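The primary structure of each chain is shown beneath.
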Amino acid sequence: MSLTFRPIARLAKNFRKNLIYPARYANSSPSYEQLLNNLPETRVTTLSNGLRVATEDYGLPTCTVGIWIDAGSRFESEKTNGTAHFLEHMAFKGTKRRTQTDLELEVENMGAHLNAYTSREQTVYYAKAFSKDLPKAVDILSDILQNSTLGEAEIERERGVILREMQEVETNLQEVVFDHLHATAYQGTPLGRTILGPTENIKSITAKNLRDYINTHYKAPRMVLAAAGGVNHDELVKLAEKHFGGLNSDVNTEVQSLQPCRFTGSEIRVRDDDIRLAHIAMCVEGTSWSDADTIPLMVASTIIGSWDRSMASGGNLGSKLAQLSGQHNLCHSFQAFNTCYADTGLWGVYFVTDKLKIDDFMIALQNEWIKLCTSVTESEVTRAKNLLRTNMLLQLDGSTPICEEIGRQLLVYNRRLPLHELEERIEAVNANVIRKVCMKHVYDKCPAISGVGPIEQLPDYNRTRGRMWWARF
């Protein structure tokens, strides 16, 4: 759910040179090592109620500030599934101090951008504004977070909005496939539920359900107020004391502690021959954010890579699977993914293909997985590490992605991971590490599979399971 008014991205873009290149390198391009060593300090202060305030000051005329909350759809029950996302929608519908119109006009007059999103483990509210308007942005975030009216008329109106959103999601087959993949991989657990929740829940959620969720989960120790861009840390701490100092600090440890979500090798098939192409995802159980194998699996996922037939250089890409796909027309597109949660993860590939090519692509994919376990080369690993480094530097492209990394990392790691530390962990990965980690997590493991569309020729699960190892190895 978002409110967007007069985007200021163009202004920020003009100052991107200052963000990427410190003043001392104004007349020359810095080396990669110089860049890593000259990034601004991440300052973190914990208030008396447990709220953490974190900033990185890049000296920009704009900033992004937001609240990251350790609560998402995973913390809901089967009966309340969808509450966190519903609450995100209601945050923009008026508070005790501002009507919806007042809120929209205030954001409009600031030339700001106000947004929010819900995931399975986190809820986020953030604003992008001029640095001089940081106090106003924090005031607005505090107001919508703590003083939303949750009026009955607004709730009823928002039901219809969310139900229409669910219909739109159903037309996005990639999202449908990943929801089904979670449902089968984590069946019977909170991670198996969707973020939006089932239709019957959306139709029955009440203001009491929303308030109960706030009172249970919106606690100061489970929140991070993060900011990046042109921000003064001491100023933000004072603003946090003023606007968030009254947040409840009592945390119910039974509610906060996550119940383990078991991974189940299984499949779900939704055959619809009216859909032109088959959309399929296949994965094994990955790792949590903090697992030592997460970085090697990220490198392994980068080796598999991504491709679609519109890429002019498909035949010359480093990814062997991309080369095969281009040469033999195995699919329309594919992309490797590595989704991490607090205690588990999904590591696999999503692909779109013609119904007659399903088995051919899956054979090629599983062969590449086995090669990761047995015969990956140093050159492939080096290429993937360089791509991963590029993705790290893209995190510096604007205050919003930086702010998102600060907030997320403080929730999942309880600290901000410096880029030079990530660089060292990536550099430590070699072909032997990849083989060892993939042998542990991929080789001879039961996969989870989700398929939607004309999938009559999707291989039998036992056949797919049997190709997760090589008899001659």
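Residues numbered from 1 in each chain as written. Predicted model: local features only at pLDDT ≥ 70, side-chain atom pairs only at ≥ 80, totals over all residues. Heavy atoms only, no water.

**A look at the overall build of the protein**
Turning to step 1, where the next piece is worked out: Tallying secondary structure elements over the protein gives 20 helices and 13 strands in all.
Turning to step 2, where the next piece is worked out: Taken across its 473 residues, the protein has 53% of its residues classed as buried.
Turning to step 3, where the next piece is worked out: Of the roughly 20600 Å² of accessible surface on the protein, a fraction of 49% belongs to carbon and sulfur atoms. (Helix = DSSP H or I, 4+ residues; strand = E, 2+ residues; numbered from the N terminus. Buried < 20%, exposed > 50% of the residue type's maximum accessible area, 1.4 Å probe, protein only. Areas by Shrake-Rupley, 256 points an atom, 1.4 Å probe, with all protein chains shown as cover.)

**Examining the side chain of Asp 143**
Turning to step 1, where the next piece is worked out: Topologically, Asp 143 is positioned in helix H6 (residues 134-146).
Turning to step 2, where the next piece is worked out: Within polar-contact distance, the side chain of Asp 143 engages the side chain of Arg 98 at 2.7 Å. (Polar contact = N/O pair within 3.5 Å; in protein donor to acceptor, adjacent residues only side chain to side chain.)

**Quick look at the packing of helix H14 (residues 320-328) against helix H15 (residues 358-374)**
Turning to step 1, where the next piece is worked out: It is the contact of H14 with H15, at a shortest axis distance of 10 Å, that shows an interaxial angle of 160°. Judged by the angle between their axes, H14 and H15 are roughly antiparallel. Two packed elements cross with a definite hand, and for H14 against H15 that hand is right-handed. Counted together, Lys 320, Leu 321, Leu 324 and Ser 325 of H14 and Phe 361, Ala 364, Leu 365 and Glu 368 of H15 form the full contact between these two elements.
Turning to step 2, where the next piece is worked out: Considered class by class, the residues forming the contact of H14 with H15 number five nonpolar, one polar and two charged. (Axes fitted to C-alpha atoms, helices over the stretch in contact; angles between N-to-C directions. Parallel < 35°, antiparallel > 145°, perpendicular 65-115°, else oblique. Left-handed = near helix turned anticlockwise from the far one by under 90°. Contact = heavy atoms within 4.5 Å. Nonpolar A, V, L, I, M, F, W, Y, C, P; charged D, E, K, R; others polar.)

**Re the environment of Gly 398**
Turning to step 1, where the next piece is worked out: Checked against the element boundaries, Gly 398 lands in the loop between helix H16 (378-394) and helix H17 (399-412).
Turning to step 2, where the next piece is worked out: With a relative accessible area of 15%, Gly 398 lands in the buried category.
Turning to step 3, where the next piece is worked out: For Gly 398 and Gly 229, which are 169 residues apart along the polypeptide, the C-alpha to C-alpha distance reads 7.7 Å.

**A closer look at the pairing of strand S9 (residues 278-285)**
Turning to step 1, where the next piece is worked out: Where burial is concerned, most of S9 is hidden: seven out of the eight residues are buried.
Turning to step 2, where the next piece is worked out: Across eight bridges, the pairing between S9 and strand S12 (residues 345-353) is antiparallel. Bridge pairing in S12 links Val 284 to Trp 347.
Turning to step 3, where the next piece is worked out: Summarising the sheet, S9 and strand S13 (residues 448-453) pair through five bridges and their orientation is antiparallel. What sits directly across from Ile 280, in S13, is Gly 451. (Pairing = 2+ DSSP bridges.)

**Here's the deal with the sheet that holds strand S10 (residues 306-308)**
Turning to step 1, where the next piece is worked out: Strand order in the open sheet formed by six strands is S8-S13-S9-S12-S11-S10, and the pairing between neighbours is mixed. Every interior strand has two partners, whereas the edge strands, strand S8 (267-271) and S10, have only one. The mean angle between the axes of side-by-side strands here comes to 15°, regardless of whether they run parallel or antiparallel.
Turning to step 2, where the next piece is worked out: Along the sheet, H15 contacts S9, strand S11 (333-340) and S12; its crossing angle with S12, the most-contacted strand, is approximately 145°.

**Brief notes about the packing of helix H4 (residues 83-90) against helix H10 (residues 207-217)**
Turning to step 1, where the next piece is worked out: Close contact between H4 and H10 brings their axes to 10 Å; oriented N to C, the two are set at 100°. The angle between H4 and H10 places the two elements in the roughly perpendicular class. Contact residues: H4 offers Thr 83, Ala 84, Phe 86, Leu 87 and Met 90, while H10 offers Asn 209, Leu 210, Tyr 213 and Ile 214.
Turning to step 2, where the next piece is worked out: Of the residues contributing to the contact of H4 with H10, the split by class is seven nonpolar, two polar and no charged.

**Section: the packing of aromatic side chains**
Turning to step 1, where the next piece is worked out: Under the defined criterion, the tally for this structure stands at eight aromatic pairs.
Turning to step 2, where the next piece is worked out: An angle of 80° between the planes, with centres 6.1 Å apart, marks the rings of Tyr 186 and Phe 263 as edge-to-face. Of this pair, Tyr 186 sits in the loop between helix H8 (173-185) and helix H9 (199-204) while Phe 263 sits in the loop between helix H12 (253-256) and S8; the two residues are 77 residues apart in sequence, bridging distant segments of the chain.
Turning to step 3, where the next piece is worked out: By relative accessible area, Tyr 186 is classed as buried at 0%.
Turning to step 4, where the next piece is worked out: A relative accessible area of 17% means that Phe 263 is categorised as buried.
Turning to step 5, where the next piece is worked out: Considering the side-chain rings of Trp 347 and Trp 369, the 5.4 Å spacing of their centres and the 45° angle between planes classify their relative orientation as tilted. Highlighted residues: Trp 347 in strand S12 and Trp 369 in helix H15, separated in sequence by 22 residues.
Turning to step 6, where the next piece is worked out: On the accessibility criterion, Trp 369 (1% relative accessible area) is buried.
Turning to step 7, where the next piece is worked out: Taken together, Phe 178, Phe 337 and Tyr 350 form an aromatic cluster joined through their ring pairs.
Turning to step 8, where the next piece is worked out: Sitting over the face of the ring of Phe 75, Arg 222 holds its NZ or CZ atom 4.8 Å from the ring centroid. (Phe/Tyr/Trp six-rings, centres within 6.5 Å; stacked < 30°, edge-to-face > 60°. Lys NZ or Arg CZ within 6 Å of the ring centre and 35° of its normal.)

As far as function goes, none of this settles anything; it's purely spatial.
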